[in-house]
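Overview (structure and organization)
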Amino acid sequence: MRIYIDGHSYHYETENLVRLFYPNEKINVINEPAESPEKPYIYTRAENRDGKYVLTAQICFDDFEKSGSAEVSLDDPDLEKTAERVLSVCLYELLCEYTGKTQPWGILTGVRPIKLFRRLRSQYSDEYAEKYFTDELKVSPAKTRLSAVTEGNERKILELSRPDSFSLYVSIPFCPSRCSYCSFVSQTVEKAKKLIAPYFELLCKEIEYTAEIVREKKLRLESVYIGGGTPTTLDAEQLSELIKVIKASFDMSTCREFTVEAGRPDTITEEKLRAIIDGGADRISINPQTLNDSVLSVIGRKHTSAQMIESFELARKAGFRHINTDLIAGLPTDTVESFKKTLDAICELSPESITVHTLALKRSSKLTLEGKGVSTDNGDNAAGMLEYCESKLTGCGYHPYYLYRQTRMEGNLENVGWSKEGYDGIYNVFVMDETHTIIGCGAGAVTKLKVPGSESLTRIFNYKYPYEYIKDFDEMLRRKDGVRTFYDELS
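Throughout what follows, the structure given in this document is the object of discussion. Just so it is clear, the model here is predicted, and its values are computed rather than measured. (Residues numbered from 1 in each chain as written. Predicted model: local features only at pLDDT ≥ 70, side-chain atom pairs only at ≥ 80, totals over all residues. Heavy atoms only, no water.)

Focus: the overall build of the protein chain
Regarding its fold elements, the protein chain presents 16 helices and 18 strands. Relative to the compact-globule value of 23 Å for 491 residues, the protein chain shows a C-alpha radius of gyration of 24 Å, a close match. Scored against the burial criterion, the 491 residues of the protein chain give a buried share of 57%. Here the protein chain has roughly 21,400 Å² of accessible surface; of this, 47% comes from carbon and sulfur atoms. In the protein chain, the 63 positive side-chain charges and the 75 negative ones have mean positions that sit 3 Å from each other. (Helix = DSSP H or I, 4+ residues; strand = E, 2+ residues; numbered from the N terminus. Rg over C-alpha atoms; globule rule 2.2 N^0.38 Å. Buried < 20%, exposed > 50% of the residue type's maximum accessible area, 1.4 Å probe, protein only. Areas by Shrake-Rupley, 256 points an atom, 1.4 Å probe, with all protein chains shown as cover. Lys, Arg positive; Asp, Glu negative; His and termini not counted. Charge placed at Lys NZ, Arg CZ, Asp CG, Glu CD.)

Here it is, written out as structure tokens:
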């Protein structure tokens, strides 16, 4: 499909908008006018005409030709932003008419709609933010209501952060096997077992080195998250040592939350759970994704639903009082009815928080490489699953506390964290809102240094793969010196 960009610079947003309707199509963006382009094509134009900025969108397919236009005053104080939105709406309405489909999030294509909602609410009012979402961005009433509720819950957490705050992320980039939907940089234990011990030793050194910089700059630790990969691919002794190193290196007196992503039920043992809770971590995540054994097999998971329930009960017995559980809506071969049974069973377990993701087909995942594309039918299924989630979880006493979106999601939907009162996952909110500095240690980790009171972020990337991390570890420490430089310049 060809998209022509004539007289404006909104090619990025225009392409992303078209991808909402045609996620699997190859799109060619042409940044120049064309007198008589060959069908099928989409044409977008911006021009000054009679003191107005005129925006025009046209779609010409074999059986459909139509255009739409709108005007923006040249005196608009935010002319470029307004013009981009108006042109997007023109194109969106044409695509809706042609395909017979609307998008739940309207013309929004960004990762953080709640951040936008909060800015509108802060600058104007609740009513303005909701009206802007539905009228100007074409977001559905249901998603607008979800945004309003989620933003209110998020704000309570964001207010905990201070200018000197930071959170710590520690990466364990190993998994027992690779799930078919996964695109994270992680290594299967089978292939990378010999790397775990040297990686672990160097990771502890990076943590200690990082803590020296944090102490020097007098930063305040708000939360710790050990993620991956699957951190419980480490043995109990390594988990105990890792937590001990973190607690010995950092001032934990201000830490509000310490999470270990236990992840895969087939890696969880009583010994590992005891190492985590005795070490002082107070929140774990056990992530079955589904309790349908046939779906688990399709996505490459080596555990059963029974193992998940057994792991959950082991965690309760070990003394955990905040257990999160992750689910995915829209998995291959899953149905709305099957998903309902999964969610009902999870609610019977009564975890303190439940994160419901929508399947996102990343380009490097096995599913995508095998030729699976985003499906309209599966998008409808995913939408039905999320509708049930909202009804069921609200009825069971959960509330939405954070929300984000990804590209190539089934149904162009969202990921939502739900929790019982007092059990919001604060690291999730801090990292998705980009509230304060996140310091990352380990392979694949990214440090995001935040200038307080601004949207400015400086990123420091660690090597992606464990073998790179091990081979050139001194470079990792050199990059960490960028944290010191950043705060020196800030002061």
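Text resumes after the structure shown.
Some details on the nonpolar core
Among the nonpolar cores identified, the biggest contains 123 residues, and L242, I246 and F250 are the most heavily contacted of them. Top contributing element to this core by residue count: helix α6 (residues 189-217), with 12 residues. Apart from residues no more than four positions distant in its own chain, L242 is found in contact with V170, I172, F200, L203, I207, I226 and L234. With 15 residues, the next largest nonpolar core counts Y225, V429, F430 and A445 among its residues. (Core = buried A, V, L, I, M, F, W, Y, C linked by side-chain atoms within 4.5 Å. Contact = heavy atoms within 4.5 Å.)

Some details on the pairing of strand β9 (residues 220-228)
β9 sits mainly inside the fold: eight of its nine residues count as buried. When strand β6 (residues 165-172) meets β9, the two strands line up parallel, connected through eight bridges. Opposite F166, over in β9, you have L221 as the bridge partner. Of the pairings in the sheet, the one linking β9 to strand β10 (residues 257-263) comprises four bridges and is parallel in character. If you follow S223 over to β10, its bridge partner there is E257. With helix α7 (residues 236-249) bridging β9 and its parallel neighbour β10, the resulting β-α-β unit is right-handed. (Pairing = 2+ DSSP bridges. Right-handed = clockwise from strand over helix to strand, strands pointing away.)

What to know about the sheet that holds strand β3 (residues 41-49)
Across a sheet, strands are paired by hydrogen bonds formed along the backbone, either parallel or antiparallel in direction. Taken together, the five strands give an open sheet; going across it, the order is β2-β1-β3-β4-β5, and neighbouring strands pair in mixed fashion. The open sheet has two edge strands with one neighbour each: β2 (28-30) and β5 (64-73). Direction aside, neighbouring strands of the sheet carry axes that sit 15 degrees apart on average. Of the pairings in the sheet, the one linking strand β4 (residues 52-61) to β5 comprises 10 bridges and is antiparallel in character. Looking across to β5, one finds that K52 is bridged to S73. Contacts between helix α2 (residues 79-99) and the sheet are confined to β3, β4 and β5, with β4 contributing the most and set at about 25 degrees to the helix. (Axes fitted to C-alpha atoms, helices over the stretch in contact; angles between N-to-C directions.)

Comments concerning the pattern of salt bridges
Overall, the coordinates contain 36 salt bridges when judged by the stated rule. A salt bridge links D6 to R45; its shortest N-O distance comes to 3.5 Å. Of the two residues, D6 is situated in strand β1 (residues 2-6) and R45 in strand β3; the sequence distance between them amounts to 39 residues. A salt bridge links E201 to K205, with the shortest nitrogen-to-oxygen separation between them at 4.0 Å. Taken as a pair, E201 and K205 lie in helix α6 at a separation of four residues, close to a single helical turn. (Salt bridge = Lys/Arg side-chain N within 4 Å of Asp/Glu carboxyl O.)

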